[in-house]
Structure formats: structure tokens, C-alpha cells
Number of protein chains: 2
Amino acid sequence: MTTPARRGRPRSENADVRILEEAHALLVERGYDRFAMDEVAVRAAVAKSTLYRRWPTKDHLLVALVAKIQDEVPVADTGDLRHDLSVYLTAIATGLDRMRRVGRDQTEQDRSAGVVAELVAAAARHPDVGDVVRNLFARRNALPLALLDRARERGALAPGTSSEVLFDQLAGALYYRLLVTGAPIGADYVEELVGQVLAGSGATPHSEGI
Amino acid sequence: MTTPARRGRPRSENADVRILEEAHALLVERGYDRFAMDEVAVRAAVAKSTLYRRWPTKDHLLVALVAKIQDEVPVADTGDLRHDLSVYLTAIATGLDRMRRVGRDQTEQDRSAGVVAELVAAAARHPDVGDVVRNLFARRNALPLALLDRARERGALAPGTSSEVLFDQLAGALYYRLLVTGAPIGADYVEELVGQVLAGSGATPHSEGI
């Protein structure tokens, strides 16, 4: 079924889908360090030239893969903001946690950020990969940001709240724990985080005098 | 002034200080990719064996360097929590922003996380570097966490507030913007972030009925 790649020819969507599927499988098996582009070409049954013309390095290919995985996380708007945020962030946290363990020995003590950190570094290393990653997050985050905008409009958020700052507090906490402190990001933590972000940490006028 | 390194001999603190100073200067000149351990040994006038016994890879050395830089950021407690948090986080953001630009062309459009991302990846790659980084942050973050604990005790934070979750919201937002979305982390942003974290984003009982 493989067609030899030719310059100027429209890219085959089927080939892209096959490449991303095989890249995903290989990443889960091997992890970032031992992930080899040539092996993806063999397993997806495409010419190496097809693969490299589409994604010039493994960093480019793996970022495309992350984009695909992220696009599969739904953002529901049930009208219960606290619930919707908890569900969405738990899905993000679960995906991040799964990705950080990819291709490595599954030991309980292991707190490494794994592939997630390698992708962050890849985005910092190649300007074009960085642009792709930043555009990917801008596009993806538009969904939860719209959820927050609607919540503010119906009065479920304080009028002056910035959706962007609010989302930074939530997603930022998860990435900070994953990438920097190595603290767990399970469902219990997400519950507590969402509750505290919405409630605020400052003393209320009522409690201030106590 | 160099003394040949010998096995079992106590490490020279002076050599460590010289190595870290030269490593810092070289990192600023070259950036992460073109940072070479051997050049640090030459510039610090220490035997290569001394350098490599103390820090086996450039990842190890650069993490030690970041630890030193971080230890220079003060945490003041003036009794005005909002002010103290803004000052501390602005210092952190400024340090992160300076580090991300290290060794690279200074263009305004450049949003790469640079060396910060490389260090996050180094921590994920080497289990021992990861342990050093996590211990470094645990030790450092104990200072702002104690600041938050004292604020809660004197009634400047809501009684049920978790200092750790609160700090995740603040530091996390900065790292998330730096490492993932590439959004700026200037003093204006820090002000807005601290204000919103303390005030909370949820509708207050008063505004809920509107």
C-alpha cells in the first residue's frame, strides 16, 4: 500500500495517521532516548524521505504526537464550573502522568518528568518546534478559556477575574509539580487545587477581624 | 595555585567556588549546548579529574550553579503578604527570564525557555540530578512556605488555605508561561497573579445572586 514519495505531491493523510500511530506505539515501548525515526518509517511502511519531509526530527514528530493526544481530551460545560474544571484538569493530569512514565521502568519511587520534560526542552531547542508547541497550547487552551469566560458571564466567577491568569494557576500548578518539584498530581490534589483557586487564599472581610 | 587532586583528599571549597564562578561566566557566554566541562576546568585552573569527581556531567554542574543562584534570592517578611509575595515572585520571574536568555541571541521575539528547559530535561534524564533538583526546590520553597504559614497564623490568609497549593498556583503560573505557553512573566503579570490568587476567582456570596 505504500506509494513512493515525490516532491510536490500532496501529502497522504493516511500515511500521516499511520506514522503517528506507529510513533505512539514506539514511544510507549522505548521512551524518548531510544525512539528512532527510521524505525517509525519501517513500522508505518512509508519511505524515510516521506517521514523526514513531514517531520525533520524526532522532536518535530513527537510534538505532533502530543498535539494529537491532547486533542482527544474533551472539555465539557455542564454549568457546574467547579465540577467541569476538576474533570478537565484530572484528565490533563492523568495524560501528563501517563506520558511521563512512557518507555521507563515503572517504579513507585520514580518522580522523573520523563518525556514531558524532553518535549519542553525540544521546544526550547528548535525555534520551529517551539512555535508549534506554543500554537498548539494556544489552540487547545482556547477551549478551557472559553469555558471560564462563559462562567464569568453567568456570574459563576467574580466579575474582574482574568480567565488566562485563572487557567495559569490551575495548569501551572500541575506542570510545576510534574516538571520541578516532582510532587504527585492525582485526583485528590486536583480537587484541592480547584477548590482553593475558586475560593481564593486571602482572608475574607469576615475572617479578617478574628 | 592549583593543587593536583588526589583520591580521598577533602574537597577544596575554594576550587568549588572558582568552578561555579567560571561555569556561570561560560554559561552566560555560550549557553547550554556549547557549554564544555573541559573549558571550565581550564578557566577555573583545576585538574579535570577534580571537576569530574565533584560533578560528573555538565548537567550536574549546571544544577549546582542554579542552586547557588537561587540561594541568592531573598524572602522578606514585612507583614504585608501581598507585597512580600509580589517582590519575591518578581525576583524569581526576573531570574528565570535572565536564565532563559543565557547564551542566546537577544531578540525580542524569542520566547524560548532556553537553559531553564534544558535543566528541567536534565533533571528528568538523570535520576541523581532529579533528586538534587527536587531537594533543592524543597529546601528553597521552605522559605516562602513558612512565610505563608505565618500569614495564615496571623489571619492574613483564610484558615483552611494550604500553603503548598497556594505556592503551586503562584510559582506554577510562572513556570507554565515560561516553559509551555511562552507568555511573558513581567512585574505587571506577577501583580495580577498575586492579586487574583489571594482574592480567589469564584463568585463571592454577595455577587452570586446577581
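Bear in mind that the values here come from a model prediction, so they are computed numbers and not experimental data. (Residues numbered from 1 in each chain as written. Chains lettered and ligands numbered in written order. Predicted model: local features only at pLDDT ≥ 70, side-chain atom pairs only at ≥ 80, totals over all residues. Heavy atoms only, no water.)

Asker: Would you mind going over the overall build of chain A with me for this structure?
Answerer: What chain A contains, in helices and strands, is 10 helices and 0 strands. Helices and strands in chain A line up, N terminus first, as α-α-α-α-α-α-α-α-α-α. Across the 210 residues in chain A, those meeting the buried criterion constitute 50%. Partitioning the intrachain contacts of chain A with sequence separation of at least 6 by distance along the chain shows that 61% fall at a separation of at least 24. For chain A, the exposed surface amounts to about 10200 Å²; the carbon and sulfur share of it is 54%. (Helix = DSSP H or I, 4+ residues; strand = E, 2+ residues; numbered from the N terminus. Buried < 20%, exposed > 50% of the residue type's maximum accessible area, 1.4 Å probe, protein only. Contact = heavy atoms within 4.5 Å. Areas by Shrake-Rupley, 256 points an atom, 1.4 Å probe, with all protein chains shown as cover.)

Asker: Help me out: how do you make sense of the relation of the copies chain B and chain A in this one?
Answerer: In this arrangement, two copies of a chain are superimposed by a rotation about an axis accompanied by a shift along the axis. Overlay of chain B on chain A (RMSD 0.0 Å): rotation 180°, translation along the axis 0.0 Å. With respect to symmetry, the two chain copies, as superposed, fit the operation of a two-fold axis. Scanning chain B for the C-alpha nearest the rotation axis identifies Gly200 of chain B, at a separation of 1.5 Å. Take the interface residues of chain B: 100% of them recur as interface residues in chain A, which is what a same-surface contact looks like. (Least-squares fit on C-alpha atoms with pLDDT ≥ 70 in both.)

Asker: Would you mind going over the side chain of Arg177 of chain B with me for this structure?
Answerer: Note on placement: Arg177 of chain B falls in helix H8 (residues 163-181). Taking relative accessible area as the criterion, Arg177 of chain B reaches 6% and is therefore assigned buried. Reaching out from Arg177 of chain B, the side chain makes a polar contact with the backbone oxygen of Pro184 of chain B at a distance of 3.0 Å. Excluding its chain neighbours within four sequence positions, the residues that come into contact with Arg177 of chain B are Glu164 and Asp168 of chain A together with Gly182, Ala183, Pro184, Ile185 and Tyr189 of chain B. (Polar contact = N/O pair within 3.5 Å; in protein donor to acceptor, adjacent residues only side chain to side chain.)

Asker: Explain helix H5 (residues 81-100) of chain B to me, please; I cannot follow it from the model alone.
Answerer: Owing to its 3.6 residues per turn, the α-helix aligns residues three or four sequence positions apart on the same side. Given a rise of 1.5 Å per residue, 20 residues ought to cover 28 Å, and the 28 Å separating the end C-alpha atoms of H5 of chain B matches this to within 8%. Burial in H5 of chain B covers these residues: Leu81, Asp84, Leu85, Ser86, Tyr88, Leu89, Ile92, Ala93, Leu96, Met99 and Arg100 of chain B. (Expected span 1.5 Å × (residues − 1).)

Asker: Would you mind showing me how to read the pattern of salt bridges here?
Answerer: Side-chain pairs of opposite charge can arise whenever the charged atoms involved come near each other. On inspection of all chains with the given rule, the structure shows 32 salt bridges over all chains. Members of the salt-bridge network, linked through shared partners, are Glu22, Glu29, Arg30, Glu39 and Arg43 of chain A. (Salt bridge = Lys/Arg side-chain N within 4 Å of Asp/Glu carboxyl O.)

Asker: Mind showing me how you'd approach the nonpolar core here?
Answerer: Nonpolar side chains tend toward joint burial in soluble globular proteins. Counting residues in each nonpolar core, the largest one holds 136 residues, and the members touching the most others are Leu61 and Leu179 of chain A together with Leu61 and Leu179 of chain B. Among residues more than four places away in sequence, those in contact with Leu61 of chain B are Ile19, Leu20, Ala23, Phe35, Met37, Val40, Leu51 and Trp55 of chain B. (Core = buried A, V, L, I, M, F, W, Y, C linked by side-chain atoms within 4.5 Å.)

Asker: Can you walk me through the packing of aromatic side chains in this structure?
Answerer: As enumerated under the stated definition, the model contains 6 aromatic pairs over all chains in all. Judged by centre distance (6.3 Å) and plane angle (75°), the rings of Phe137 of chain A and Tyr175 of chain A are edge-to-face. Linking Phe137 of chain A in helix H7 (residues 127-153) with Tyr175 of chain A in helix H8 (residues 163-181), this pair joins segments that are 38 residues apart in sequence. Neither residue differs from the other here; Phe137 of chain A and Tyr175 of chain A are each classed as buried. When the centroid spacing of 6.5 Å and the interplanar angle of 70° are considered together, the rings of Phe167 of chain A and Tyr176 of chain B count as edge-to-face. Of this pair, Phe167 of chain A sits in helix H8 while Tyr176 of chain B sits in helix H8, placing the two residues on different chains. Overall, Phe167 of chain A belongs to the buried group, its relative accessible area being 4%. Here the aromatic cluster, defined as three or more aromatic residues joined through ring pairs, consists of Phe137, Phe167 and Tyr175 of chain A together with Tyr176 of chain B. Sitting above the plane of the Tyr32 of chain B ring, Lys58 of chain B keeps its charged end 4.5 Å from the centroid. When the ring centre of Tyr189 of chain B is taken as reference, the NZ or CZ atom of Arg177 of chain B above it lies at 3.6 Å. (Phe/Tyr/Trp six-rings, centres within 6.5 Å; stacked < 30°, edge-to-face > 60°. Lys NZ or Arg CZ within 6 Å of the ring centre and 35° of its normal.)

Asker: Please clarify how the domain arrangement of chain A should be interpreted in this entry.
Answerer: Residues and elements named next belong to chain A. As assigned here, chain A comprises domain 1 (13-65) and domain 2 (74-205). When each unit is reduced to the centre of its C-alpha atoms, the spacing between domain 1 and domain 2 is 27 Å. The interface is formed by 13 residues belonging to domain 1 together with 13 residues belonging to domain 2. Taken together, both faces of the contact between domain 1 and domain 2 bury some 990 Å²; the carbon and sulfur share is 71%. Summed over the three residues of domain 1 that lose the most area to domain 2, namely Tyr32, Asp59 and Val63, the buried surface amounts to 52% of that side. The interface formed by domain 1 and domain 2 includes 1 salt bridge. In this structure, the connection of domain 1 to domain 2 is made through 2 residue pairs in polar contact (both at pLDDT 80 or more). Elements that contribute at least two residues to the side of domain 1 that touches domain 2 include exactly helix H1 (13-30) and helix H4 (58-70). Considered class by class, the residues forming the side of domain 1 that touches domain 2 number 5 nonpolar, 3 polar and 5 charged. (Domains from an automatic or database assignment. Buried area = accessible area lost by both parts, 1.4 Å probe. Nonpolar A, V, L, I, M, F, W, Y, C, P; charged D, E, K, R; others polar.)

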